[in-house]
Amino acid sequence: MPNQLTYQTVPAQENHLEQIRNIGIDRFGYFHHTHETLFDPQTIAYCGIIDDKVVGYGICKVMSKQSFQNQYPKISDKNISSINNSSKIGVMASIAVIEKYCRQGIGNAIFTARITAVKELKADIIIIKVWETSAGIKLLSLLNNHGFERVATIPDYWKEESCKYSYVCPECGSPPCTCNAVLYIL
Ligand SMILES: CC(C)(COP(=O)(O)OP(=O)(O)OC[C@H]1O[C@@H](n2cnc3c(N)ncnc32)[C@H](O)[C@@H]1OP(=O)(O)O)[C@@H](O)C(=O)NCCC(=O)NCCS
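Model, not experiment: these values are computed from the prediction. (Residues numbered from 1 in each chain as written. Predicted model: local features only at pLDDT ≥ 70, side-chain atom pairs only at ≥ 80, totals over all residues.)

The immediate surroundings of the ligand are formed by 16 residues, with Cys102, Gly105, Gly107, Asn108 and Ser141 found nearest. Within the residue set of the shell around the ligand, elements represented by two or more residues are strand S4 (88-97), helix H6 (106-120) and strand S5 (125-133). For the shell around the ligand, the class distribution of residues is 8 nonpolar, 5 polar and 3 charged. (Near = placed C-beta within 6 Å. Helix = DSSP H or I, 4+ residues; strand = E, 2+ residues; numbered from the N terminus. Nonpolar A, V, L, I, M, F, W, Y, C, P; charged D, E, K, R; others polar.)

See the structure below:
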């Protein structure tokens, strides 16, 4: 039986940014956070660490409904009642783990740390917009295990963004990205 990995989940530090960026580019084809956006007061980021190496990361934030609606117009257009009825919204942004460290609980540890963080900041609901590929939703079991409910699908969610940032989606290749986003709410 393989040895259990020993990892820690810690708040991201400035010296982790480069490694986080590399993981994002490897797993999603892009990473457009900068030092300013990753370490702004609204953003909370966690890293999974093994022997001082960043092996995964997860980003989240808590924002007012107004900021959420300004920042996520495609989701706001869905007119979802639980969003409309909330004042503070926890948003789970990207999460990724280096492939060779996957399936050992690191993703779940980062996912759980993010939920705890936004709950501590008194978010009324937690929203996560997940990437749906032809192979399905990689986060599905984590979402189900933590009680998230699927509320909407938004086709071609990253189409304009993929063209703007010229990113090559690991699923559909050169821009435009035509993957769906699926919204889950807790
Ligand atoms: C999604 C992602 C972050 C999950 O990370 P991870 O570290 O593999 O997550 P976990 O190990 O906690 O859980 C994944 C699976 O491993 C299983 N697992 C957890 N600990 C385990 C262990 N010690 N031994 C064996 N399996 C284990 C979990 O039960 C889960 O299995 P399931 O999906 O069949 O239920 C990772 O696959 C990834 O980076 N994907 C690419 C980016 C991506 O798609 N991000 C999400 C966009 S919405």
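Note that the residue after proline 175, namely proline 176, is joined by a cis bond; omega there is 0°. With respect to the helices and strands, the residue proline 176 is situated in the loop between helix H8 (159-165) and strand S8 (180-185). Within the chain, arginine 103 stands out as a residue other than glycine whose phi angle is a positive 65°. Located in the positive-phi region is lysine 122, a residue other than glycine, with phi close to 65°. With respect to the element layout, lysine 122 can be found in the loop between H6 and S5.

Across 4 bridges, S4 lies against S5 in parallel orientation. Each bridged residue has a counterpart across the sheet, and for isoleucine 89 the counterpart in S5 is isoleucine 125. Chirality of the crossover, the property in question, places the unit of S4, H6 and S5 among those that are right-handed. With 2 bridges connecting them, S5 and strand S6 (residues 136-137) associate as antiparallel partners. By the bridge assignment, glutamate 132 is partnered in S6 with isoleucine 137. (Pairing = 2+ DSSP bridges. Right-handed = clockwise from strand over helix to strand, strands pointing away.)

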